[in-house]
Amino acid sequence: MGYRCIQCGFPIKTLYLQYSPGNIRLMKCENCKAVADEYIECEITIIIIDLILHKPKAYRHLLYNVINQETLKFQGLLWKLAAIFLLFDAYRYLILESSKGKSSSSMSYSSLVSTCCKMMMDVFFGNFMFLLTFFSMVKMFLHISLSVSRCNGILLGLLISCYFKIFLIAMMVWEFPSSVMFIIELFCLSSNAVALKVMTESSMSRCVWTCFSAYAIKFFFIQAHELMLLWNFMQGWSQMPFTLSLKSTFI
(Lines give C-alpha, C1' and ligand atoms only; values in the text may rest on other atoms or scores of the structure.)
Protein backbone atom coordinates (compact mmCIF):
# COMPACT_ATOMS: atom_id res chain seq x y z
CA MET A 1 0.00 0.00 0.00
CA GLY A 2 1.51 3.31 -1.12
CA TYR A 3 0.50 6.82 -0.17
CA ARG A 4 -2.99 7.95 -1.18
CA CYS A 5 -4.85 11.22 -1.51
CA ILE A 6 -7.34 11.35 1.35
CA GLN A 7 -9.91 13.16 -0.80
CA CYS A 8 -10.20 10.83 -3.80
CA GLY A 9 -7.91 7.88 -2.96
CA PHE A 10 -5.59 8.47 -5.92
CA PRO A 11 -2.03 7.07 -5.44
CA ILE A 12 0.68 9.68 -4.90
CA LYS A 13 4.45 9.43 -4.53
CA THR A 14 4.99 11.72 -1.56
CA LEU A 15 2.82 13.67 0.86
CA TYR A 16 5.01 16.71 1.42
CA LEU A 17 8.33 18.33 0.65
CA GLN A 18 10.55 19.28 3.60
CA TYR A 19 12.80 22.28 3.04
CA SER A 20 14.08 22.48 6.62
CA PRO A 21 13.07 21.12 10.04
CA GLY A 22 9.52 22.36 10.67
CA ASN A 23 9.25 23.89 7.18
CA ILE A 24 7.23 21.67 4.85
CA ARG A 25 4.97 22.11 1.85
CA LEU A 26 2.01 19.80 1.42
CA MET A 27 1.72 18.19 -1.99
CA LYS A 28 -1.41 18.39 -4.13
CA CYS A 29 -3.13 15.43 -5.75
CA GLU A 30 -2.71 15.15 -9.52
CA ASN A 31 -6.24 13.81 -9.85
CA CYS A 32 -8.46 16.12 -7.77
CA LYS A 33 -5.98 19.03 -7.45
CA ALA A 34 -6.66 19.25 -3.69
CA VAL A 35 -4.14 18.96 -0.86
CA ALA A 36 -3.24 15.26 -0.72
CA ASP A 37 -3.26 14.90 3.08
CA GLU A 38 -4.24 17.85 5.22
CA TYR A 39 -4.13 15.73 8.39
CA ILE A 40 -0.33 15.95 8.42
CA GLU A 41 -0.61 19.40 10.00
CA CYS A 42 -3.54 18.49 12.29
CA GLU A 43 -3.49 17.49 15.93
CA ILE A 44 -4.05 13.83 16.81
CA THR A 45 -7.28 14.80 18.60
CA ILE A 46 -8.83 16.03 15.35
CA ILE A 47 -7.90 12.77 13.61
CA ILE A 48 -9.46 10.69 16.41
CA ILE A 49 -12.67 12.74 16.29
CA ASP A 50 -12.92 12.30 12.51
CA LEU A 51 -12.32 8.55 12.89
CA ILE A 52 -15.16 8.35 15.41
CA LEU A 53 -17.33 10.33 12.98
CA HIS A 54 -16.50 7.72 10.30
CA LYS A 55 -15.01 10.17 7.79
CA PRO A 56 -13.42 8.19 4.93
CA LYS A 57 -10.58 10.68 4.50
CA ALA A 58 -9.50 10.09 8.12
CA TYR A 59 -9.43 6.33 7.45
CA ARG A 60 -7.38 6.89 4.26
CA HIS A 61 -4.91 8.99 6.24
CA LEU A 62 -4.53 6.29 8.89
CA LEU A 63 -4.58 3.17 6.70
CA TYR A 64 -2.47 4.45 3.79
CA ASN A 65 -0.39 7.44 4.88
CA VAL A 66 0.38 6.60 8.51
CA ILE A 67 0.40 2.78 8.56
CA ASN A 68 2.27 1.97 5.38
CA GLN A 69 3.71 -1.44 4.46
CA GLU A 70 6.77 0.23 2.94
CA THR A 71 7.72 2.28 6.02
CA LEU A 72 6.65 0.06 8.96
CA LYS A 73 7.41 -3.43 10.23
CA PHE A 74 4.13 -4.63 8.82
CA GLN A 75 4.09 -8.27 9.96
CA GLY A 76 5.09 -7.42 13.52
CA LEU A 77 2.36 -4.79 13.77
CA LEU A 78 -0.18 -7.24 12.36
CA TRP A 79 0.64 -9.92 14.97
CA LYS A 80 0.56 -7.40 17.83
CA LEU A 81 -2.83 -6.04 16.79
CA ALA A 82 -4.19 -9.58 16.39
CA ALA A 83 -3.06 -10.48 19.93
CA ILE A 84 -4.63 -7.30 21.36
CA PHE A 85 -7.85 -8.02 19.47
CA LEU A 86 -8.06 -11.56 20.89
CA LEU A 87 -7.37 -10.31 24.42
CA PHE A 88 -10.21 -7.80 24.15
CA ASP A 89 -12.52 -10.55 22.87
CA ALA A 90 -11.56 -12.80 25.78
CA TYR A 91 -12.25 -9.97 28.22
CA ARG A 92 -15.62 -9.36 26.55
CA TYR A 93 -16.52 -13.01 27.09
CA LEU A 94 -15.55 -12.84 30.78
CA ILE A 95 -17.70 -9.72 31.25
CA LEU A 96 -20.69 -11.45 29.67
CA GLU A 97 -20.18 -14.50 31.86
CA SER A 98 -19.93 -12.39 35.01
CA SER A 99 -23.14 -10.57 34.04
CA LYS A 100 -24.90 -13.94 34.08
CA GLY A 101 -24.07 -14.30 37.79
CA LYS A 102 -21.12 -16.65 37.38
CA SER A 103 -18.53 -15.52 39.89
CA SER A 104 -14.99 -16.81 39.35
CA SER A 105 -14.35 -16.97 43.12
CA SER A 106 -17.16 -19.49 43.67
CA MET A 107 -16.30 -21.64 40.64
CA SER A 108 -15.17 -25.22 41.06
CA TYR A 109 -12.24 -26.60 39.11
CA SER A 110 -14.47 -28.38 36.57
CA SER A 111 -16.59 -25.28 35.96
CA LEU A 112 -13.45 -23.16 35.59
CA VAL A 113 -12.07 -25.57 32.96
CA SER A 114 -15.45 -25.53 31.19
CA THR A 115 -15.48 -21.73 31.18
CA CYS A 116 -11.94 -21.62 29.77
CA CYS A 117 -12.87 -24.07 27.01
CA LYS A 118 -15.95 -22.06 26.10
CA MET A 119 -13.88 -18.88 26.08
CA MET A 120 -11.31 -20.47 23.75
CA MET A 121 -14.10 -21.55 21.41
CA ASP A 122 -15.67 -18.09 21.55
CA VAL A 123 -12.43 -16.23 20.91
CA PHE A 124 -10.51 -18.43 18.48
CA PHE A 125 -13.12 -20.44 16.58
CA GLY A 126 -15.61 -17.57 16.59
CA ASN A 127 -13.07 -15.20 15.04
CA PHE A 128 -11.94 -17.92 12.63
CA MET A 129 -15.50 -18.21 11.33
CA PHE A 130 -15.70 -14.41 11.25
CA LEU A 131 -12.58 -14.07 9.09
CA LEU A 132 -13.55 -16.99 6.86
CA THR A 133 -16.95 -15.46 6.18
CA PHE A 134 -15.51 -11.96 5.82
CA PHE A 135 -12.90 -12.84 3.19
CA SER A 136 -15.34 -15.12 1.36
CA MET A 137 -17.80 -12.24 1.11
CA VAL A 138 -15.03 -9.85 0.02
CA LYS A 139 -14.07 -12.18 -2.82
CA MET A 140 -17.57 -13.21 -3.97
CA PHE A 141 -19.71 -10.20 -3.08
CA LEU A 142 -17.22 -7.36 -3.65
CA HIS A 143 -15.41 -9.17 -6.52
CA ILE A 144 -11.96 -8.44 -5.09
CA SER A 145 -9.01 -10.64 -6.02
CA LEU A 146 -7.22 -11.63 -2.83
CA SER A 147 -3.46 -12.02 -2.82
CA VAL A 148 -1.41 -12.55 0.33
CA SER A 149 -0.37 -8.90 0.57
CA ARG A 150 -3.93 -7.74 -0.15
CA CYS A 151 -5.34 -10.04 2.55
CA ASN A 152 -2.78 -8.77 5.04
CA GLY A 153 -3.63 -5.17 4.23
CA ILE A 154 -7.38 -5.75 4.59
CA LEU A 155 -6.86 -7.72 7.80
CA LEU A 156 -4.75 -4.92 9.26
CA GLY A 157 -7.42 -2.38 8.36
CA LEU A 158 -10.05 -4.62 9.92
CA LEU A 159 -8.13 -4.89 13.18
CA ILE A 160 -7.37 -1.17 13.35
CA SER A 161 -11.00 -0.25 12.69
CA CYS A 162 -12.00 -2.25 15.79
CA TYR A 163 -10.38 0.47 17.90
CA PHE A 164 -13.67 1.06 19.74
CA LYS A 165 -13.06 -2.17 21.67
CA ILE A 166 -10.62 -0.18 23.78
CA PHE A 167 -13.66 1.20 25.63
CA LEU A 168 -13.95 -2.24 27.25
CA ILE A 169 -11.16 -1.07 29.54
CA ALA A 170 -13.61 1.43 31.04
CA MET A 171 -15.68 -1.52 32.26
CA MET A 172 -12.82 -2.46 34.58
CA VAL A 173 -13.46 0.77 36.49
CA TRP A 174 -17.16 1.48 36.04
CA GLU A 175 -20.02 -1.00 35.94
CA PHE A 176 -22.06 -0.90 32.74
CA PRO A 177 -24.97 -3.12 31.66
CA SER A 178 -24.15 -5.91 29.25
CA SER A 179 -26.12 -4.06 26.56
CA VAL A 180 -23.07 -1.79 26.20
CA MET A 181 -21.38 -4.76 24.49
CA PHE A 182 -23.97 -4.57 21.73
CA ILE A 183 -23.25 -0.86 21.21
CA ILE A 184 -19.49 -1.51 21.01
CA GLU A 185 -19.95 -4.35 18.52
CA LEU A 186 -22.33 -2.21 16.44
CA PHE A 187 -19.80 0.62 16.36
CA CYS A 188 -17.03 -1.81 15.36
CA LEU A 189 -19.23 -3.15 12.55
CA SER A 190 -19.84 0.32 11.12
CA SER A 191 -16.16 1.20 11.48
CA ASN A 192 -15.15 -2.03 9.71
CA ALA A 193 -17.51 -1.16 6.86
CA VAL A 194 -15.95 2.30 6.39
CA ALA A 195 -12.42 0.84 6.48
CA LEU A 196 -13.41 -1.84 3.95
CA LYS A 197 -14.93 0.80 1.67
CA VAL A 198 -11.72 2.84 1.82
CA MET A 199 -9.49 -0.17 1.09
CA THR A 200 -11.60 -1.73 -1.70
CA GLU A 201 -13.32 1.36 -3.19
CA SER A 202 -16.61 -0.58 -3.17
CA SER A 203 -20.06 0.80 -2.41
CA MET A 204 -20.95 1.41 1.22
CA SER A 205 -24.01 -0.84 1.11
CA ARG A 206 -21.97 -3.82 -0.09
CA CYS A 207 -19.34 -3.23 2.57
CA VAL A 208 -22.01 -3.04 5.28
CA TRP A 209 -23.56 -6.33 4.14
CA THR A 210 -20.14 -7.99 4.01
CA CYS A 211 -19.31 -6.99 7.59
CA PHE A 212 -22.83 -7.74 8.83
CA SER A 213 -22.69 -11.26 7.37
CA ALA A 214 -19.35 -11.94 9.08
CA TYR A 215 -20.65 -10.68 12.44
CA ALA A 216 -23.87 -12.69 12.07
CA ILE A 217 -22.00 -15.94 11.34
CA LYS A 218 -19.72 -15.31 14.31
CA PHE A 219 -22.70 -14.68 16.59
CA PHE A 220 -24.58 -17.81 15.52
CA PHE A 221 -21.43 -19.92 15.80
CA ILE A 222 -20.79 -18.67 19.34
CA GLN A 223 -24.40 -19.24 20.36
CA ALA A 224 -24.52 -22.71 18.76
CA HIS A 225 -23.44 -24.58 21.89
CA GLU A 226 -26.00 -22.72 24.02
CA LEU A 227 -28.73 -23.50 21.49
CA MET A 228 -27.73 -27.16 21.58
CA LEU A 229 -28.00 -27.19 25.38
CA LEU A 230 -31.42 -25.54 25.15
CA TRP A 231 -32.55 -28.10 22.56
CA ASN A 232 -31.41 -30.99 24.75
CA PHE A 233 -33.26 -29.47 27.71
CA MET A 234 -36.44 -29.11 25.66
CA GLN A 235 -36.19 -32.71 24.47
CA GLY A 236 -35.71 -33.91 28.05
CA TRP A 237 -38.66 -31.81 29.24
CA SER A 238 -40.91 -33.15 26.46
CA GLN A 239 -40.10 -36.75 27.42
CA MET A 240 -40.72 -36.13 31.12
CA PRO A 241 -44.53 -36.78 31.11
CA PHE A 242 -43.99 -40.06 29.29
CA THR A 243 -41.43 -41.13 31.90
CA LEU A 244 -43.74 -40.17 34.77
CA SER A 245 -46.63 -42.08 33.23
CA LEU A 246 -44.48 -45.19 32.94
CA LYS A 247 -43.49 -44.90 36.61
CA SER A 248 -47.09 -44.46 37.72
CA THR A 249 -48.12 -47.51 35.68
CA PHE A 250 -45.53 -49.78 37.26
CA ILE A 251 -46.28 -48.44 40.74
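Thresholds, definitions, all that
- Residues numbered from 1 in each chain as written.
- Predicted model: local features only at pLDDT ≥ 70, side-chain atom pairs only at ≥ 80, totals over all residues.
- Heavy atoms only, no water.
- Helix = DSSP H or I, 4+ residues; strand = E, 2+ residues; numbered from the N terminus.
- Expected span 1.5 Å × (residues − 1).
- Salt bridge = Lys/Arg side-chain N within 4 Å of Asp/Glu carboxyl O.
- Buried < 20%, exposed > 50% of the residue type's maximum accessible area, 1.4 Å probe, protein only.
- Arc of directions from axis to C-beta.
- Contact = heavy atoms within 4.5 Å.
- Pairing = 2+ DSSP bridges.
- pLDDT = per-residue confidence, 0-100.
- Phe/Tyr/Trp six-rings, centres within 6.5 Å; stacked < 30°, edge-to-face > 60°.
- Patch = residues over 30% accessible without salt bridge, like charges linked within 9 Å, V, L, I, M, F, W, Y side chains within 5 Å.
- Areas by Shrake-Rupley, 256 points an atom, 1.4 Å probe, with all protein chains shown as cover.

## Remarks on helix α6 (residues 179-200)
Phase 1: Across its 22 residues, α6 extends 32 Å between first and last C-alpha, which sits within 8% of the 32 Å expected from 1.5 Å per residue.
Phase 2: One or two residues past the end of α6 sits Glu 201, with phi positive at roughly 60 degrees.

## Comments concerning the pattern of salt bridges
Phase 1: Following the criterion strictly, the structure yields seven salt bridges and no others.
Phase 2: The closest approach of N and O atoms between Arg 92 and Asp 89, which form a salt bridge, is 3.6 Å. Of this pair, Arg 92 and Asp 89 both sit in helix α3 (residues 74-99), three residues apart, roughly one helical turn.
Phase 3: The class of Asp 89 is buried, set by a relative accessible area of 0%.

## Quick look at helix α1 (residues 44-52)
Phase 1: Ile 47, Asp 50 and Leu 51 are the residues of α1 that are buried. In a view along the axis of α1, the buried residues occupy a sector of 105 degrees, so they form one face of it.
Phase 2: Packed against the buried residues of α1 are α2 (56-66).

## A few points about unusual backbone geometry
Phase 1: Phi is positive for His 54, close to 60 degrees, though the residue is something other than glycine.
Phase 2: Checked against the element boundaries, His 54 lands in the loop between α1 and α2.
Phase 3: According to the relative accessible area criterion, His 54 is buried, its value standing at 19%.
Phase 4: Although it is not a glycine, His 143 adopts a positive phi angle of roughly 60 degrees.
Phase 5: Structurally, His 143 can be placed in the loop between α4 (109-140) and α5 (148-160).
Phase 6: His 143 sits in the exposed class, given a relative accessible area of 62%.

## Focus on the pairing of strand β4 (residues 23-26)
Phase 1: Across four bridges, strand β3 (residues 16-20) lies against β4 in antiparallel orientation. Of the residues in β4, the one forming a bridge with Ser 20 is Asn 23.

## So, the confidence of the model for the chain
Phase 1: Scored by pLDDT, the chain comes out at a mean of 82, with 82% of its residues at no less than 70.
Phase 2: Note that pLDDT drops below 50 for residues 242-250; the model gives that stretch zero contacts with residues more than four away or on any other chain.

## Quick look at the environment of Met 204
Phase 1: Positionally, Met 204 belongs in helix α7 (residues 204-222).
Phase 2: For the pair Met 204 and Val 194, spaced 10 residues apart in the sequence, the C-alpha separation amounts to 7.2 Å.
Phase 3: In this structure, Met 204 is in contact with Ala 193, Val 194 and Lys 197, ignoring residues within four places of it in sequence.

## Details of the packing of aromatic side chains
Geometry of an aromatic ring pair is reported as the spacing of the ring centres plus the angle between the planes.
Phase 1: A complete count under the given rule lists eight aromatic pairs for this structure.
Phase 2: Between Phe 130 and Tyr 215, the ring centres sit 5.0 Å apart and the planes meet at 75 degrees, which makes this aromatic pair edge-to-face. On the criterion of sequence distance, the pair formed by Phe 130 in helix α4 and Tyr 215 in helix α7 is long-range, its members being 85 residues apart.
Phase 3: Between the aromatic rings of Phe 219 and Phe 220, the centroid separation amounts to 5.6 Å while the plane-to-plane angle is 70 degrees, which identifies the pairing as edge-to-face.
Phase 4: Among the residues examined, Phe 219 registers a relative accessible area of 47% and is labelled partly exposed.

## Quick word on a nonpolar patch on the surface
Phase 1: On the surface, Ile 166, Phe 167, Ile 169, Met 172, Val 173, Trp 174 and Phe 176 cluster together into a nonpolar patch covering about 760 Å² of accessible area.
Phase 2: For Val 173, the position within the fold is in the loop between α5 and α6.
Phase 3: The class of Val 173 is exposed, set by a relative accessible area of 62%.

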